[in-house]
Amino acid sequence: MKVASTRIRFYPKSGARLYIPEKMLEDPDFPFEDEELVKIEIEDGRLVISKPEWWEIIDWEQMPEAYERLPEEIKRKIRINRGSQ
């Protein structure tokens, strides 16, 4: 496991940026590509960054007809995910 200290910078009205040092990006185990969408969660006081499932990046409230056609298992995951937001 690689470990690095870094800095987070907050920007009014737009959010924040987290700097990831180059030595982390060069590690063969670094799981992301440039410009890739990521999911950010807060779990037990920690920031967790992971790759989202395809159904997590869609605004289902804007696509109710498509939502109704999903398998029940995916609908269940979406409902659980909404509950955690």
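Residues numbered from 1 in each chain as written. Predicted model: local features only at pLDDT ≥ 70, side-chain atom pairs only at ≥ 80, totals over all residues. Heavy atoms only, no water.

Right, let's talk about the overall build of the protein chain for a bit. Helix and strand counts for the protein chain come out as 3 helices and 4 strands. In sequence order, the secondary structure elements of the protein chain are arranged as β-β-α-β-β-α-α. Over its C-alpha atoms the protein chain spans a radius of gyration of 16 Å, topping by over 25% the 12 Å that the globule rule assigns to 85 residues. For the protein chain, the spread of C-alpha atoms along the three principal axes comes to 45 × 35 × 25 Å. The 85 residues of the protein chain split such that 15% are buried. In the form shown here, the protein chain has an accessible surface area of approximately 7,800 Å², with 51% of it arising from carbon and sulfur atoms. Taking the average place of the 15 positive charges on the side chains of the protein chain and the average place of its 19 negative ones, the gap between the two points comes to 5 Å. (Helix = DSSP H or I, 4+ residues; strand = E, 2+ residues; numbered from the N terminus. Rg over C-alpha atoms; globule rule 2.2 N^0.38 Å. Buried < 20%, exposed > 50% of the residue type's maximum accessible area, 1.4 Å probe, protein only. Areas by Shrake-Rupley, 256 points an atom, 1.4 Å probe, with all protein chains shown as cover. Lys, Arg positive; Asp, Glu negative; His and termini not counted. Charge placed at Lys NZ, Arg CZ, Asp CG, Glu CD.)

Below, the discussion takes up the confidence of the model for the protein chain. Of all residues in the protein chain, 98% attain a pLDDT of 70 or more, and the chain-wide mean is 92. Ranking the elements of the protein chain by mean pLDDT puts helix H3 (residues 72-83) last, at 88, and strand E1 (residues 8-11) first, at 96. (pLDDT = per-residue confidence, 0-100.)

This next bit is on the pairing of strand E2 (residues 15-18). Alignment of E1 against E2, held across 4 bridges, turns out to be antiparallel. Paired with Arg9 across the two strands is Arg17, which belongs to E2. Between E1 and the antiparallel strand that follows it, E2, lie 3 residues; Lys13 among them carries a positive phi value of about 70°. (Pairing = 2+ DSSP bridges.)

Take Asn81: it is sitting in helix H3. Setting aside residues no more than four positions away along its own chain, Asn81 makes contact with Trp55 and Glu56. (Contact = heavy atoms within 4.5 Å.)

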